[in-house]
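Residue-level structural notes
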Amino acid sequence: MQNLLDLDPAQLTAWFAARGEKPFRATQVLRWIHRFGEADFDAMTDIAKSLREKLKAEAVVVPPAIVSDKLSDDGTRKFLFDVGNGNAVETVFIPEDDRGTLCVSTQAGCALDCSFCSTGKQGFNRNLTVAEIIGQLWQVNKALGRDPKGERIISNVVLMGMGEPLANFENAVAALKLMLDDNCYGLSRRRVTVSTSGLVPVMDRLRDECPVALAVSLHAPNDILRDELVPINQKYPLSELMAACRRYLEKAPRDFVTFEYVMLDGVNDHDYDARELLSLTRHVPCKFNLIPFNPFPGSPYRRSRPERIRRFADILMGVGIVTTTRKTRGDDIDAACGQLAGQVLDKTRRTGRRTVMLEEDKS
Ligand code: SAH
Ligand code: SF4
């Protein structure tokens, strides 16, 4: 059985063609599935009965199941999805005045082991399939419904949940193509953001195959510190990363890169760190997003104090760099950046296989 959620628009058209069906049939089915959130072929009323029977015999529409759904006091909503074999991934919906952002996961766990990240600490389990990535958007769209004007509540998507999207490139791009397609979710490239820890060669592929808005997790102003915080830096150091950002901007839908910078007390938050950042990024049109560190059990860091964060932001803004400080949202339900994790069975670091267990209700 083919899960049609696993196919991007071109692949679905090819799948129909291989069965002697015209491209417009594929478009109709795409619309039913993604625009209207329909999983039942019998409900696709403008499709000939014979084709519906054929689809029922050969295909299914199966998203990952929602196993829990928690609402924070500030409106942030965290969904936990079952992705089989005791694995779970998280998706966070963040409502704001002018938009509704869905933060989507791309891997169960992550292999890159950044020292301040809870997902990294649980190790890598596996890549999510296209159906599991787009299925998060499909399911949450259904759960949230539409606003009074009939518009979707989710206006923006960020691949910033669990995992490194560029380490699951093919599947992440197929999901992005569905997000951008007018017959599916119709999101503009500016409203879809990929966040990467800096897989330089894959940043070039993203630029060539599916340029969307780019966020880069910088977190340190020099290689010595970044090697420690973001170990992939040992492979792709800052000079290469900055060059990749510049290449990306040639085709990016926005004319800047967003640098994410986690604020770790006494580690990377000094005035001289901010000044070194100015020099590092001087040739890259950018904005900064400062993320107060979100602690998790066993984490070795503390969050920088608010006045330190303000001073750090002032130094960046002093030369005209737009700098925002991320509001910590969803604290009460462990939905903040870097806190996303199912429960970990084996906490010993990087020894053998690890399994992300379905999270128990902590409330
Ligand atoms: N793997 C990708 C995307 C997922 S992480 C990446 O690293 O960019 C999303 C963002 O949350 C990244 O900027 C990441 O560095 C940040 N983050 C991870 N752990 C955090 C923590 N404990 N507190 C605050 N931000 C964190
Ligand atoms: Fe992976 Fe991103 Fe966490 Fe680093 S910060 S371990 S790349 S999810």
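Residues numbered from 1 in each chain as written. Chains lettered and ligands numbered in written order. Predicted model: local features only at pLDDT ≥ 70, side-chain atom pairs only at ≥ 80, totals over all residues. Heavy atoms only, no water.

**Observations regarding the overall build of the protein chain**
In plain terms, the rule: Counting from the N terminus, the helices are DSSP H or I runs at least four residues long and the strands are E runs at least two residues long. Throughout, a residue-residue contact means that at least one pair of heavy atoms, one from each residue, lies within 4.5 Å. Only the protein chains shown count as covering a residue, and every accessible area follows the Shrake-Rupley method with a 1.4 Å probe. By the counting rule applied here, Lys and Arg register as positive and Asp and Glu as negative, while His and the ends of each chain are not counted. By convention, the charge on Lys lies at NZ, on Arg at CZ, on Asp at CG and on Glu at CD.
Counting its regular elements, the protein chain contains 11 helices and 16 strands. Considering only C-alpha atoms, the protein chain reaches an extent of 70 × 45 × 45 Å along its principal axes. Relative to all contacts within the protein chain whose residues are 6 or more apart in sequence, the contacts with residues 24 or more apart total 66%. Working note: accessible area of the protein chain is about 15,800 Å², and carbon and sulfur atoms make up 51% of it. Computed over 49 positive and 49 negative side-chain charges, the inter-centroid distance for the protein chain is 3 Å.

**A word on the pairing of strand 3 (residues 65–71)**
The cut-off we apply is this: Two strands are said to pair when DSSP picks up at least two bridges between them.
In this structure, strand 3 lies alongside strand 4 (residues 77–82), joined through six bridges in antiparallel fashion. When the sheet's bridge partners are listed, L71 is paired in strand 4 with R77. The antiparallel hairpin formed by strand 3 and strand 4 contains five residues in its connecting segment, where G75 sits at a positive phi of about 95°.

**Details of the sheet that holds strand 13 (residues 286–292)**
The test is simple: Axis geometry follows a simple rule: fit a line to the C-alpha atoms, using only the stretch in contact for helices, then measure angles between N-to-C directions, giving values from 0 to 180 degrees.
The strand order 3-4-5-6-9-10-11-12-13-14 describes an open sheet built from 10 strands, whose pairing is mixed. Of all the strands in the sheet, the pair left with one neighbour each is strand 3 and strand 14 (323–325). Strand after strand, the sheet turns through a mean of 20° between neighbouring axes, direction not considered. Of the strand pairs in this sheet, strand 4 and strand 5 (residues 88–95) are connected by six bridges, and their pairing is antiparallel. Pairing of F79 across the sheet is with T91, part of strand 5.

**Here we look at the site of ligand 1**
For clarity, the threshold we go by: Near, as used in this document, describes a residue that has one of its heavy atoms within 4 Å of the molecule or strand being considered. Side-chain atoms alone can form a polar contact between residues adjacent in sequence; in general such a contact is a pair of N or O atoms within 3.5 Å, and within protein one must be able to donate a hydrogen while the other accepts it. Basically, the charged four are Asp, Glu, Lys and Arg, the nonpolar ten are Ala, Val, Leu, Ile, Met, Phe, Trp, Tyr, Cys and Pro, and anything else, Gly included, counts as polar.
Contacts to ligand 1 come from 19 residues, most closely from F116, S195, S217, H219 and N294. Side-chain polar atom of H219 to an oxygen atom of ligand 1: 2.6 Å apart, as the coordinates give it. At 3.1 Å from an oxygen atom of ligand 1 is found a side-chain nitrogen or oxygen belonging to E260. Out of a free accessible area of 530 Å², ligand 1 has 95% covered by protein chains. Broken down by secondary-structure element, the contributors of at least two residues to the shell around ligand 1 are strand 10 (192–196), strand 12 (257–263) and strand 13. The residue inventory of the shell around ligand 1, partitioned by class, reads eight nonpolar, nine polar and two charged.

**Considerations on the site of ligand 2**
As a matter of local geometry, ligand 2 sits amid C110, L112, D113, C114, C117, G120, G163, E164 and S197. Among the residues forming the shell around ligand 2, the class breakdown is four nonpolar, three polar and two charged.

**Quick notes on the packing of aromatic side chains**
Operational definition: Any pair of Phe, Tyr and Trp rings, taking the six-membered ring for Trp, is counted once the centres come within 6.5 Å. Such a pair is stacked with planes under 30 degrees apart, edge-to-face with planes over 60 apart, and tilted for the rest. When accessible area is computed with a 1.4 Å probe and restricted to protein chains, residues below 20% of their type maximum are described as buried, those above 50% as exposed, and intermediate ones as partly exposed.
Enumeration according to the criterion identifies six aromatic pairs in this entry. When the centroid spacing of 6.3 Å and the interplanar angle of 65° are considered together, the rings of F293 and F296 count as edge-to-face. F296 shares its class with F293; the two are buried. Taking the centre distance of 5.9 Å and the plane angle of 85° together, the rings of F293 and Y301 count as edge-to-face. Judged by relative accessible area, Y301 falls into the buried class, the value being 14%.

**So, the packing of helix 10 (residues 271–280) against helix 11 (residues 306–317)**
Cut-off, in case you're wondering: Angles are sorted into four bins: roughly parallel if under 35 degrees, roughly antiparallel if over 145, roughly perpendicular if 65 to 115, and oblique for all others. By the definition used in this description, the sense in which the near helix is turned from the far one sets the handedness, with an anticlockwise turn below a right angle giving left-handed and a clockwise turn giving right-handed.
Following both chains from N to C, one finds helix 10 and helix 11 inclined at 30°, their axes separated by 9 Å at the closest point. For the element pair helix 10 / helix 11, the angle class is roughly parallel. The handedness of the crossing between helix 10 and helix 11 is right-handed. Between helix 10, through D271, D273, A274, R275, L277 and L278, and helix 11, the contact on the second element is made entirely by R308, R311, F312, I315 and L316.

**Concerning the pattern of salt bridges**
Note the threshold: In the sections that follow, a salt bridge refers to a side-chain nitrogen of Lys or Arg positioned within 4 Å of a carboxyl oxygen of Asp or Glu.
Summed over all chains, the structure comprises 21 salt bridges. Close ionic contact of E58 with R19 constitutes a salt bridge, the shortest N to O distance being 2.7 Å. Of this pair, E58 sits in helix 3 (residues 49–58) while R19 sits in the loop between helix 1 (9–17) and helix 2 (23–35), and the two are 39 residues apart along the sequence. Measuring nitrogen to oxygen at the nearest pair gives 3.7 Å for the salt bridge that ties K49 to E53. Of the two residues, K49 and E53 are both situated in helix 3; the distance of four residues between them amounts to about one turn of the helix. Look at K49 and you get exposed, because its relative accessible area is 54%.

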